[in-house]
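Here is how the chains run, residue by residue.
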Amino acid sequence: MTARLSAAFAKGRPALVTFITCGDPNPATTPAILDALVAGGADVIELGMPFTDPMADGPAIQAANLRSFAAGTRTADIMPIAAGFRARHPEVPLVLMGYANPMIRRGPAWFATEAAAAGVDGVICVDIPPEEDDALGPALRAAGVSPIRLATPTTDTARLPAVLEGSSGFLYYVSVAGITGKQQAALGSIEEVLGRLKAATDLPVAVGFGVRTPEQASAIARHADGVVVGSALVDLVARYGDNAAEHVRAATAALAEAVHSARATA
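Residues numbered from 1 in each chain as written. Predicted model: local features only at pLDDT ≥ 70, side-chain atom pairs only at ≥ 80, totals over all residues. Heavy atoms only, no water.

## A word on the overall build of the protein chain
Helix and strand counts for the protein chain stand at twelve helices and nine strands. By the compact-globule yardstick of 18 Å for 266 residues, the protein chain fits well, its C-alpha radius of gyration being 17 Å. Across its three principal directions, the C-alpha atoms of the protein chain cover 45 × 40 × 30 Å. Put simply, the protein chain has 266 residues, and 54% of those count as buried. Expressed as a percentage of contacts within the protein chain between residues at least 6 apart in sequence, the contacts between residues at least 24 apart total 72%. When the accessible surface of the protein chain is summed, it comes to about 10,400 Å², and 54% of that surface belongs to carbon and sulfur atoms. (Helix = DSSP H or I, 4+ residues; strand = E, 2+ residues; numbered from the N terminus. Rg over C-alpha atoms; globule rule 2.2 N^0.38 Å. Buried < 20%, exposed > 50% of the residue type's maximum accessible area, 1.4 Å probe, protein only. Contact = heavy atoms within 4.5 Å. Areas by Shrake-Rupley, 256 points an atom, 1.4 Å probe, with all protein chains shown as cover.)

## What about the state of the cysteines?
Following the criterion strictly, the structure yields zero disulfides and no others. Looking at the unpaired Cys22, the closest cysteine sulfur is the one in Cys125, lying at 16 Å. Cys22 gets classed as buried once you look at its relative accessible area, which sits at 0%. For Cys125, a relative accessible area of 12% translates into the label buried. (Disulfide = S-S within 2.5 Å.)

## Details of the pairing of strand 4 (residues 122-125)
The side-chain alternation of strand 4 yields two buried faces, one formed by Gly122 and Ile124 and the other by Val123 and Cys125. Across four bridges, the pairing between strand 3 (residues 94-98) and strand 4 is parallel. Residue pairing across strands places Leu96 opposite Val123, the latter belonging to strand 4. Two elements, strand 4 and strand 5 (residues 146-147), share two bridges in a ladder whose sense is parallel. Its bridge partner lying in strand 5, Gly122 is registered against Ser146. (Pairing = 2+ DSSP bridges.)

## What to know about the environment of Ala76
Relative to the helices and strands, Ala76 is located in helix 4 (residues 75-88). Expressed as a C-alpha distance, the spacing of Ala76 and Pro102, which sit 26 residues apart in the sequence, is 9.8 Å.

What follows is the structure in structure tokens.
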């Protein structure tokens, strides 16, 4: 499963990683929005698993979770949507992102097996720290699914080895100490941290939280292996609902152009 992730970051230029919430605005529309991300040029797609208490997420993604639940989305709906995506897009990496409760309530082996069967490449679990890896990590690795970890501005040199241990796919650097979509770190601080992270791991490092515009994405892509954009795309789904796919495609295309050409224009 991790081969698709490796290939996405081995194209000789930075990768665009995009995020949407599954079931927003409803489960029937999610496949079209996923297809729009691919059509726009996204290299990796994160599919958010709706959760009732998304503590790391800002207002945009919190609202997306509520819309998803209001539309009747269940955890059981997510794997068929992922499997359909894999059938349509056999080469594009798909990562599930969410919180521990929906992932482990039926047991980590069940979740890992279902994710692998659906063609999921990696899992980001926001609220299982590296020190509690045994809650999900071994099951994911046994199923061939990459556990993707988060590093933050407060991840110091002493703790970084624990974050990296058992991680694969890519390292997600959360560039601000806060919730998604509300602020962006200064580029100078991102450059400094990226240097430290890259010295500690061979994993690609993707930077996210607070990246909304092509200009911001391009500036970060000059230094990072990947750039993650979520809230800006989720806002388009909120605005356009069932008709969001074409707007998401256009926004993704602008972001992809900015990210993919960033080093050529630096």
